[in-house]
Amino acid sequence: MTSAQVDTDKAPEEGYERGLNSRQVQMIAIGGAIGVGLFLGAGANIAKAGPSIILMYALAGVIIFFIMRALGELLLYRPVSGSFAEYSREFLGPFFGYFTGWTYWLMWVVTGMAELTAAAIYIHYWFPDIPQWVSALVFLVLLFVANLISVKLFGEIEFWFSMVKVTAIIGMIVIGIGVLTLGFSQAGDTAAVSNLWEFDGFFPKGIGSSLMTLQGVMFAYLAVELVGVTAGESENPEKTLPKAINTLPWRIALFYVGALTVILAVVKWTEFAEGVSPFVEAFTVIGIPAGAGIVNFVVLTAALSSCNSGMYSTGRMLRTLADNGEAPRIFNKLSSTKTPAIGIAVSVVFMAIGVVLNYLVPEKAFGYVTSVATAAGIWTWLMILISHVLYRRKVVAGRLPASSFPAPGGSVCSYIAIAFLLFVTCLIAYDADARVCLYVMAGWAVALGIGWFVLRSRNPQITERHGEPEFEKIG
């Protein structure tokens, strides 16, 4: 075994506790593919695209699978917590590792801002007298404490949050199929598979309008890459990660394509509007008692799940940045329970600022926050794909060892996914409302560029931290 191989074998440990078991990693992977983007965002997308939204979710799902297989190959080559930044650093250079790490941190902070506010609004449904900021603060503190205690508790909370979401969607599918086949409920007379094409066709507003929904559809898939962040704390990454990634197609087929197909067959697409959950609308039309309350609870768990994941991710990413001299060294410290407590705490402070801002600013700002998260997510996915392409080149050249979990087709699927993400970015630029996130990202890039210049002037060595020379000896 070469010295380079010894180093890579040690890399996954990083001082973290390997406290996430297979059951938790599997459910984190499932939960990562189901979020508020489906439970709420799908309503606006249906109104814009009609039944063709099913095809858009399926198309985006294929691309997400390409991204996850590329990430899976990298993870089994070198499983590390904070994986995206580490792979960007190794294959594209230190600046890209720095930029990716901080951008992924930004994605989860702004997502946390939005989700906490959303959770407070959902609580308002049952308890209108409780001030919104109180609910948001309570959730923030509870999830913060849970993340500080141990990674096992994080995994357990995420397991049950995901279980609620999965159960709700499966329940909706089963009930919907019952309505379609047996004709029971208030929707029995109007529910029919023909609803998918009878009202102005499958593309009622044209293919162009359907394609414009892809930016919102991609937001629904944010967090699916969270499995990569868990790599450094999984009990057996060689077994759990491939299994979690390989089950992604059926999860997307069931939870997105399946659920939306059933909903749009039970309820004609013209009934949906922006700001209305398709699940709430379907339960209402079917006439299930307390249906709206049930869905409100499910959407609440989806928001809390996302915020919980955000706290987990931001702390780990800040530690990765600190370890590479790209963030204050204090973020590198682990607590007695082996969690990056200081990094989590600082991230929570920024999320709390977001709660205040979302409470004070107009409702449109909420949409701006989610669009910024989408733009940051697209950058992360692009870095995964480009890193994978460069890794494959080095494997073919014999300069790096092959992964035990190679992506099908080598780099071909990664190139397809890169082209797709660039296309979605063009759609965002074309949309006047969504375009603001590109301005924010441009400002963020300038700020990070200035930060990099300062870091480089203080510590020129950070520009030399690159993985390739160390691995040249392999092969």
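How each quantity is defined
- Residues numbered from 1 in each chain as written.
- Predicted model: local features only at pLDDT ≥ 70, side-chain atom pairs only at ≥ 80, totals over all residues.
- Heavy atoms only, no water.
- pLDDT = per-residue confidence, 0-100.
- Helix = DSSP H or I, 4+ residues; strand = E, 2+ residues; numbered from the N terminus.
- Contact = heavy atoms within 4.5 Å.
- Salt bridge = Lys/Arg side-chain N within 4 Å of Asp/Glu carboxyl O.
- Buried < 20%, exposed > 50% of the residue type's maximum accessible area, 1.4 Å probe, protein only.
- Axes fitted to C-alpha atoms, helices over the stretch in contact; angles between N-to-C directions.
- Parallel < 35°, antiparallel > 145°, perpendicular 65-115°, else oblique.
- Left-handed = near helix turned anticlockwise from the far one by under 90°.
- Nonpolar A, V, L, I, M, F, W, Y, C, P; charged D, E, K, R; others polar.
- Core = buried A, V, L, I, M, F, W, Y, C linked by side-chain atoms within 4.5 Å.
- Patch = residues over 30% accessible without salt bridge, like charges linked within 9 Å, V, L, I, M, F, W, Y side chains within 5 Å.
- Areas by Shrake-Rupley, 256 points an atom, 1.4 Å probe, with all protein chains shown as cover.

## Overview of the confidence of the model for the protein
Looking at the protein as a whole, its pLDDT mean stands at 82, while 86% of the residues score no less than 70. Within the protein, no element has a lower average pLDDT than helix α1 (residues 3-10), which sits at 39, and none a higher one than helix α19 (residues 412-430), at 95. Predicted confidence is poor over residues 1-13, with pLDDT under 50, and the contacts of this stretch with residues over four places away or in other chains come to 19 contacts.

## Topic: the pattern of salt bridges
Side chains that carry opposite charge are capable of pairing whenever their charged atoms lie near each other. The full count for this structure, using the stated rule, is four salt bridges. Between glutamate 90 and arginine 78 there is a salt bridge whose closest N-O contact spans 2.7 Å. With glutamate 90 in helix α6 (residues 83-92) and arginine 78 in the loop between α5 (53-77) and α6, this pair connects stretches of sequence that are 12 residues apart. For arginine 89, the salt bridge identified is with glutamate 86, shortest N-O distance 2.8 Å. Remark: glutamate 86 and arginine 89 occur in helix α6; sequence separation between them is three residues, near one turn of the helix. For arginine 89, a relative accessible area of 3% corresponds to the buried category.

## Brief notes about the side chain of serine 411
Secondary-structure assignment places serine 411 in the loop between α18 (364-396) and α19. Those residues within four positions of serine 411 in sequence are excluded, and the remaining contacts are His388, Val389 and Arg392.

## Considerations on the packing of helix α9 (residues 151-182) against helix α16 (residues 291-323)
Running from amino to carboxyl end, α9 crosses α16 at an angle of 150°, the nearest separation of the two axes being 9 Å. In terms of orientation, α9 lies roughly antiparallel with respect to α16. Crossing of α9 over α16 shows left-handed handedness. Together, Val151, Phe154, Ile157, Glu158, Phe161, Val164, Lys165 and Ala168 of α9 and Phe297, Val298, Thr301, Ala302, Leu304, Ser305, Asn308, Ser309, Tyr312 and Arg316 of α16 make up the contact between the two elements. Tallied by class, residues from the contact of α9 with α16 come to 11 nonpolar, four polar and three charged.

## Considering the nonpolar core
Of all hydrophobic cores here, the largest spans 143 residues; its most connected members are Ile64 and Trp381. Element by element, the count of residues in this core is highest for helix α7 (residues 94-126), at 18 residues. In this structure, isoleucine 64 is in contact with Met218, Tyr221, Val224, Leu248, Ile252 and Trp381, ignoring residues within four places of it in sequence.

## Digging into α6
Counting buried positions along α6 yields nine of 10 residues, so the element is predominantly enclosed. Within the span of α6, buried status applies to Ser83, Phe84, Ala85, Glu86, Tyr87, Ser88, Arg89, Glu90 and Phe91. Phi turns positive, to about 120°, at glycine 93, one or two residues after α6.

## Description of the packing of α6 against α16
Two numbers describe how α6 lies on α16: the axes approach to 9 Å, and their chain directions differ by 30°. Relative to α16, the element α6 lies roughly parallel. Across from Phe84, Ala85, Glu86 and Arg89 in α6, the residues of α16 making contact are Met317, Thr320 and Leu321. Along the lines of polarity and charge, the residues of the contact of α6 with α16 split into four nonpolar, one polar and two charged.

## Regarding unusual backbone geometry
Positive phi values are uncommon outside glycine, yet aspartate 200 reaches one of about 70°. Residue position: aspartate 200 is located in the loop between α9 and α10 (206-212).

## Thoughts on a nonpolar patch on the surface
On the surface, a cluster of nonpolar side chains totalling about 550 Å² of accessible area is made up of Leu55, Val193, Trp197, Phe202, Phe203 and Ile207. By the secondary structure assignment, valine 193 is in the loop between α9 and α10.

## Quick notes on the environment of valine 164
Structurally, the position occupied by valine 164 is in helix α9. Here valine 164 falls in the partly exposed class, since its relative accessible area comes to 24%. Put simply, valine 164 and valine 299 are 135 residues apart on the chain and 9.5 Å apart in space, counted from C-alpha to C-alpha. Those residues in contact with valine 164 that sit more than four places away from it in its chain are Phe297, Val298 and Thr301.

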